[in-house]
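Okay, here's what each chain looks like letter by letter:
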Amino acid sequence: MKVMCFHLMPYADLDLSVRDKYRSVWLVLPNSHFDPEKGATLYNRYLDELELCAELGFDGICVNEHHQNAYGLMPSPVVMASALARRTKDCRIAILGNAFCLREHPLTLAEEHAMIDVMTRGRLISGFVRGVGSEYFSLGANPVFSLERHQEACELVVRAWSEPGPFAFEGKHYHFEYVNLWPRPYQKPHPPIWCPSMGSLETIEWAAHPDRKYVYLQNFSPTESVARYLNLYREVAERRYGYRAASDRIGWCAPIYVADSDEQAVREARPHIEALFNVFLPKLSELMFFPPGYMSAASLKQVLIHKRGHRGGARIEDLIARGIFICGSPDTVRRRIAEAHNLMGFQEFIAMLQFGTLPGDLTERNIRRFAAEVIPAIRPLTDRDYRGFELARAGA
Amino acid sequence: MALGVDFIEVRGTRLAYRRGGAGPALLYLHGTDGLAEWPEMLDELALGCDVVAPDHPGFGATPIPSTIDDISDMAYFYLDAIAALGLDRIHVVGHSLGGWIALEMAVRSTARFASLTLIASAGIHVKGVAKTDIFLIDPEEQAVLSYADPRRGEAAAQRASAEKYQETAIANRIASARLGWQPRFFNPRLERWLHRVDRPTLVLWGEEDRIIPPAYGAAFARLIPGARLTMVPRAGHLPHVERPDLVIPSIQRFIADAAP
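Residues numbered from 1 in each chain as written. Chains lettered and ligands numbered in written order. Predicted model: local features only at pLDDT ≥ 70, side-chain atom pairs only at ≥ 80, totals over all residues. Heavy atoms only, no water.

Undergrad: Explain the overall build of chain B here, please?
TA: Looking only at helices and strands, one finds 9 helices and 8 strands in chain B. Computed over the C-alpha atoms, the radius of gyration of chain B is 17 Å, within 12% of the 18 Å expected from 2.2 N^0.38 for a compact globule of 260 residues. Along the longest, intermediate and shortest principal axes, the C-alpha atoms of chain B span 40 × 40 × 35 Å. Once local pairs closer than 6 in sequence are excluded, the contacts in chain B between residues at least 24 apart make up 75%. As displayed, chain B has an accessible area near 10,400 Å², and 51% of this comes from carbon and sulfur atoms. Of the side chains in chain B, 26 bear a positive and 31 a negative charge, and the two mean positions are spaced by 5 Å. (Helix = DSSP H or I, 4+ residues; strand = E, 2+ residues; numbered from the N terminus. Rg over C-alpha atoms; globule rule 2.2 N^0.38 Å. Contact = heavy atoms within 4.5 Å. Areas by Shrake-Rupley, 256 points an atom, 1.4 Å probe, with all protein chains shown as cover. Lys, Arg positive; Asp, Glu negative; His and termini not counted. Charge placed at Lys NZ, Arg CZ, Asp CG, Glu CD.)

Here's what the structure looks like:
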């Protein structure tokens, strides 16, 4: 399998007591709590961490997009991917992802992705996302048209990357008389497209379509959810579209912490992973992350019921037990990933090696340990180590 | 007075509505919460009017057609709907989102309007005066903020809590977002056409409206030619629910005076 490192670039210097003063670190936390001096140090540290991953032989380094929050400081992942482009040589640079549909003109992002792809001689992976619900508040896009706009924007971007221009694009939400990208991307027909998701049937059905076969990436979730959604991709491919999905079409992203022993790992990671789940993630209202129309009424009803009560109070023991967080000695971490691979068969694994408030020294140690003691053991895992997908065993 | 449920096909959409009473036509256009909580005011008004209260497309029992993407589509839909229903010389009463729909209809054509009553209406923006973002708060909190009387607010919050995962409540929120997400519940170009509202207009507003502040009532009264503003004491965003003792006679008198 391929192993990459993902960075969320949180505002790790956040005064955690804001949790008691504000209802969320998303959208409503005043940006007076952002200190540009500290921000400068963090940005440069985080870029160093990703560059270190590239030096240590990771298959790729990954960034993403979030707006108006302390959880992830990359409103433009393109800026970070550009900074990394000239400082790395061989590894893939993955933008996981960019929300093209939040833009009034998605081609501005398509142009930027094409520039990075050309600059790096084809090392870009392009992630297509809709953005989390809170982004629809931040940027004013109507969540009711999110799915329509997402699918239309993606069609526009793929055509712009792969078809000779100029041509006119005639959509419902986007209509442009002139589509003619200079530069075209380096890779043919276009950079690989990934769909990072928290698990939406609409996304899976769309990504698995035989015309697309985009990589589906499940972001940190309990093992049972990861297994359900990754299997759903295979199931949709087989049952609906009549083909067998390759294992390199599915990926899993999880936070990881490696130390000498399980005890040491838990002790060192505890405040930082708990900060991620109890301070950086909790939302002002459940509706803030699932605004009306962001998903179908039926899906929304399910999500609202399942997410009830998830407003902090997470403990590391529980996060580990549910498989949301992989934490322990190198042996434990290797075993956990191999077990998960046996169960789900993903050929793309993305490790988030900095999380919450995890400081630079622990992050660097985590990266080095993971590279030296975990990657060599998991990289050789192939479909031969996967128990295989049985349609009969999948849900109805 | 019980209003019966009926349906009418309007250009391919099966519009659900309740209708009852006799007298001049009165079209009631509901707000973002739909008609799940029936405004008893309508039973009273049906004693002297032919009251028609539809579920807007996307709300309650009316599906959303692919032809309605925004408030402009909704206005044209309702102009078709009142023609299909054969209503004329209508006293249109709109609450909140429903007031906005009524205004968008009126600036396009008042041909079938006799009068217009706006209750805590959306539709315009008053610079510097923030409305409550109902999409950022839970339905319980919205319920509390909708009443001036805290006990009524609390009772409404309990009902909202029980109902918020029900399909109708979710569908109503989605339909509200479709029309009013961006910009929030107003059309920047509506204000410049309000001079076209050439029918008697009554603007009713709760003095303690925390969803759309009373400054909006004053603005409508200023922008619509000849409009009369009546402030309702000890009432929030639902003055017709909270103070029917004041609102019903006010509407009845206005309709009697405005009768063509």
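After that view, the rundown keeps rolling.
Undergrad: Any chance you could explain the packing of aromatic side chains here in plain terms?
TA: Where two aromatic rings form a pair, the distance of their centres and the angle of their planes describe that pair. Residue and element names in this part refer to chain A. Taken as a whole, this structure holds 21 aromatic pairs over all chains when the rule is applied. Judged by centre distance (6.0 Å) and plane angle (25°), the ring pair of Phe 58 and Phe 370 falls under stacked. Of this pair, Phe 58 sits in the loop between helix H2 (36-55) and strand S2 (60-63) while Phe 370 sits in helix H14 (residues 360-378), and the two are 312 residues apart along the sequence. With respect to burial, Phe 58 and Phe 370 carry one shared label: buried. (Phe/Tyr/Trp six-rings, centres within 6.5 Å; stacked < 30°, edge-to-face > 60°. Buried < 20%, exposed > 50% of the residue type's maximum accessible area, 1.4 Å probe, protein only.)

Undergrad: Before we go on, may I ask you to explain the interface of chain B and chain A in this structure?
TA: Many analyses report the size of an interface as the accessible area lost when the parts associate. Contacts between chain B and chain A engage 19 residues on the former and 28 residues on the latter. For the pair chain B and chain A, the summed buried surface comes to about 2,000 Å²; carbon and sulfur atoms form 64% of the total. Three residues stand out in chain B for area buried against chain A, namely B:Leu136, B:Tyr165 and B:Trp181, and they jointly supply 39% of the buried area on that side. Inspection of the region where chain B meets chain A yields 2 salt bridges. Residue A:Lys172 is joined to B:Asp69 by a salt bridge in which the shortest nitrogen-to-oxygen separation is 3.2 Å. (Buried area = accessible area lost by both parts, 1.4 Å probe. Salt bridge = Lys/Arg side-chain N within 4 Å of Asp/Glu carboxyl O.)

Undergrad: Looking at this structure, I do not really get the pattern of salt bridges. What am I missing?
TA: Two side chains of opposite charge can pair, provided their charged atoms sit close to one another. Residue and element names in this part refer to chain B. Applying the stated criterion across every chain yields a total of 35 salt bridges over all chains. In this structure, Arg 178 engages Asp 69 in a salt bridge whose closest nitrogen and oxygen atoms are separated by 3.2 Å. Highlighted residues: Arg 178 in helix H6 (residues 167-180) and Asp 69 in the loop between strand S4 (50-54) and helix H2 (71-84), separated in sequence by 109 residues. Close ionic contact of Arg 243 with Asp 245 constitutes a salt bridge, the shortest N to O distance being 2.8 Å. By relative accessible area, Asp 245 is classed as partly exposed at 46%.

Undergrad: It is not clear to me how helix H5 (residues 150-163) of chain B should be interpreted in this structure. Could you clarify?
TA: Owing to its 3.6 residues per turn, the α-helix aligns residues three or four sequence positions apart on the same side. All names here are of chain B. In this model, H5 (14 residues) spans 20 Å end to end at C-alpha, consistent with the 20 Å of a helix rising 1.5 Å per residue. Buried residues in H5 make contact with helix H4 (139-146). Where H5 starts, the residue carrying a side-chain oxygen 2.9 Å from the main-chain nitrogen of Arg 151 turns out to be Asp 149. (Expected span 1.5 Å × (residues − 1). Polar contact = N/O pair within 3.5 Å; in protein donor to acceptor, adjacent residues only side chain to side chain.)

Undergrad: What's the story with the packing of H2(A) against helix H3 (residues 77-85) of chain A in this structure? I'm lost.
TA: How two helices pack is summed up by the angle between their axes together with the distance between the axes. Residue and element names in this part refer to chain A. At their nearest, the axes of H2 and H3 sit 11 Å apart, and the two run at 55° to each other. When the interaxial angle is binned, H2 and H3 end up oblique. The handedness of the crossing between H2 and H3 is right-handed. Between H2 and H3, the residues in contact are Tyr 43, Leu 47, Leu 50 and Glu 51 and Met 80, Ala 83 and Leu 84, respectively. (Axes fitted to C-alpha atoms, helices over the stretch in contact; angles between N-to-C directions. Parallel < 35°, antiparallel > 145°, perpendicular 65-115°, else oblique. Left-handed = near helix turned anticlockwise from the far one by under 90°.)

This is a description of form; function is not addressed.
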